[in-house]
Amino acid sequence: MQRINASIDVDKALYQQDINASIVHAQMLARQGIISATDAKAITTGLEQIRGEIAAGQMVFDPALEDIHMHVETRLKAIIGEAAGRLHTGRSRNDQVATDFRLFLRESITQLLVQVRDVQRALLDKAEQYAAAIMPGFTHLQIAQPVTFGHHLLAYGEMLARDYGRLQDCQKRLNECPLGAAALAGTSYPIDRQYTASQLGFEHPCHNSMDAVSARDFAAEFLATASICATHLSRLAEEICFWLSPTVGFISLSDAYTTGSSIMPQKRNPDAAELVRGKVGGMLGAFVGLITMLKGLPLTYSKDMQEDKAPVLQVIDNLSLCLAATAGMVADLTANTERMADAAALGYSTATDLADWLVQELNMPFRQAHHVTGALVKLAEEKGCTLDALDLTLMQGVEPRLHDGVYAVLSPAQSVQRRTSYGGTAPALVRDAVQTARVRYLC
C-alpha cells in the first residue's frame with residue numbers, strides 16, 4: 001500500500017511551486033487575520049529554509065510521507081514547531097496539488113516557448129542562406145516540382161509558429177488558481193482567493209471549487225499540444241535522415257549530431273534525428289494514457305489523478321530535449337546544393353511548368369495541355385534525356401504550335417523563378433518571407 005500510494009518520486013519536482021504557494025497562502029491568512037503575523041513570518045522563514053535544503057540535496061525523501069506536501073509540512077513542523085500546523089488552514093491537499101501542478105506547467109511552457117523560437121530562428125537562418133538553392137519537391141516521395149531548400153525549411157517554421165500559438169493558448173487557459181477551493185466545496189474561513197491568485201501570477205481564481213480540484217484538462221491539453229509539436233519535429237527529423245543518406249546526399253551533419261558504427265568505420269548515423277523521431281511515440285502515449293484515465297472519473301478528486309504528473313513531466317523533458325536537438329541539427333547542417341540541383345532535374349520535374357506554358361502561350365485548355373505534356377515526357381523518356389534537352393523538331397511532332405520560347409520554362413532554375421504567387425518558392429519571395437517571419441516570430 002505504501003508503494004502504490006506514494007507519489008514523492010514524481011512530485012518532488014514540484015517543491016519550488018509547493019513552497020511558493022504555501023508562502024503566499026500563509027501571507028493571505030495573516031492579512032485576513034486568520035493566523036497571526038508572527039506565525040506567518042515563522043512559516044515563511046521555515047519554508048525558505050526547506051527550499052534551500054531541498055535545492056542542496058539535504059532532504060531525505062520518505063515514501064511513508066507520500067508526497068512533497070507532507071514532506072514540506074513535516075519538515076516545517078520540525079523547524080518551527082506547532083505554528084506549522086496553521087499553514088494548512090483553509091486549504092486541502094486537493095487544491096494544493098492542483099495549484100502546484102498548474103504553476104509548474106505554466107513555468108515549463110514558458111521555457112518551451114523559448115525553445116520553439118530557437119528552432120524557428122535556426123530554420124530562418126538556414127532558409128535565408130539557401131533561399132536560392134534548388135531541390136526537388138516531393139509528393140508521395142516522388143519528385144514532383146522544383147522548389148528551393150529555403151522554402152522547404154520555412155514550411156517547418158510555419159508549423160512551429162502554430163505550435164507556439166497552441167502552447168500560448170494552453171498556458172492562458174491553465175492560468176487559473178485552484179488555491180482556496182479546499183477539498184472540493186470551498187472553506188468557511190474568510191480567505192481572499194483573489195489575493196493568492198494575483199500573488200502567484202494567475203489571471204484569476206478558478207470559478208468553481210469542484211472544478212478547481214478535479215480539472216486536469218489543462219494537462220491533457222498540454223500533452224496534446226506537445227504531441228503535435230513533437231510530430232512536426234519528427235517529420236523534420238525524418239527528412240534529415242532521408243537527406244543525409246548517401247544515396248540522396250542533400251545535406252551533411254558534423255560529428256556533433258551523428259555517431260559512428262561499432263563495426264563499420266565509414267558510417268555516420270543520424271542518431272539525434274532518429275531519437276527525435278523515436279520519442280514521439282512516448283509523447284503520444286502519454287496523452288492517450290492521461291485522457292483515458294480521466295474519462296471515467298466522477299467529480300471531484302480521485303486517487304487516480306495522482307497519475308497525472310509523471311507523463312506530463314516526462315513529456316516536458318522529452319519535448320525540451322527534442323527542441324534543443326532539432327535547433328542544433330538545423331544550425332549544424334550544410335546543404336549539398338549541387339546534388340540537390342541535380343536531383344531537381346530528375347523525374348521531369350518541370351512538366352507542370354510546360355503544361356502551364358501551353359495554357360498561357362498557346363491558349364490550350366489545361367486538360368489538353370496535360371495530355372500534350374504527358375506525350376512530351378514519354379518522348380523524353382524514350383530519348384533518355386530531360387525535357388529541356390529535347391529537340392524542338394521532335395516536340396513539334398507532338399504539338400506543331402510549339403516554338404523555341406518553350407525552353408524558357410523547362411529548367412528547374414527557371415521553374416522556381418516563375419513561382420511568384422504569394423507563398424511560392426521563388427528565391428526573392430523566400431528572402432522576403434524570411435524577413436517577414438523574423439518579425440512575426442521573433443519580435
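Everything in this summary refers to the structure shown in the same document. Bear in mind that the values here come from a model prediction, so they are computed numbers and not experimental data. (Residues numbered from 1 in each chain as written. Predicted model: local features only at pLDDT ≥ 70, side-chain atom pairs only at ≥ 80, totals over all residues. Heavy atoms only, no water.)

Considering a nonpolar patch on the surface
Threshold: What goes into a patch is any residue over 30% in relative accessible area without a salt bridge, connected to like charges within 9 Å or, for nonpolar side chains (Val, Leu, Ile, Met, Phe, Trp, Tyr), within 5 Å. Under the convention used here, a 1.4 Å probe and the Shrake-Rupley method define accessible areas, while residue burial counts only the protein chains that appear. A pair is scored as a salt bridge if a Lys or Arg side-chain nitrogen falls within 4 Å of a carboxyl oxygen belonging to Asp or Glu. Secondary structure follows DSSP: runs of H or I at least 4 residues long count as helices, runs of E at least 2 residues long count as strands, and numbering of each begins at the N terminus. Between buried and exposed lies partly exposed: a residue is buried under 20% and exposed over 50% of the maximum accessible area for its type, with that area taken using a 1.4 Å probe on protein chains only.
A cluster of nonpolar side chains, namely L184, M210 and L299, defines an oily patch on the protein surface of about 270 Å² accessible area. Within the secondary structure layout, M210 lies in helix α9 (residues 209-214). A relative accessible area of 34% means that M210 is categorised as partly exposed.

Overview of unusual backbone geometry
If a residue is not glycine, its phi is most likely negative; likewise, a peptide bond is most likely trans. Following L299, the chain continues to T300 via a peptide bond in cis, the omega torsion being 5°. In this fold, T300 is placed in the loop between α11 (271-294) and α12 (309-332). Unlike most non-glycine residues, E66 shows phi in positive territory, near 70°. Take E66: it is sitting in the loop between α4 (37-55) and α5 (68-80). By relative accessible area, which is 21% here, E66 ends up partly exposed. In this model, Y348 sits at a positive phi of 55°, which is unusual for a non-glycine residue. Relative to the helices and strands, Y348 is located in the loop between α13 (337-344) and α14 (351-362).

Considering the environment of L402
Threshold: Contact criterion: two residues are considered in contact whenever any of their non-hydrogen atoms come within 4.5 Å of each other.
One can find L402 in the loop between α16 (392-396) and α17 (412-418). Here the alpha-carbon distance between L402 and L290, two residues 112 residues apart in the chain, equals 63 Å. Beyond its immediate chain neighbours, meaning those up to four positions away, L402 contacts W357, L358, L362, L376, L392, M395 and Q396.

What to know about the pattern of salt bridges
Under the counting rule described, the total for this entry stands at 21 salt bridges. For E53, the salt bridge goes to R75, with nearest N and O atoms at 2.9 Å. Of this pair, E53 sits in helix α4 while R75 sits in helix α5, placing them 22 residues apart in sequence. Given the relative accessible area of 12%, E53 is considered buried.

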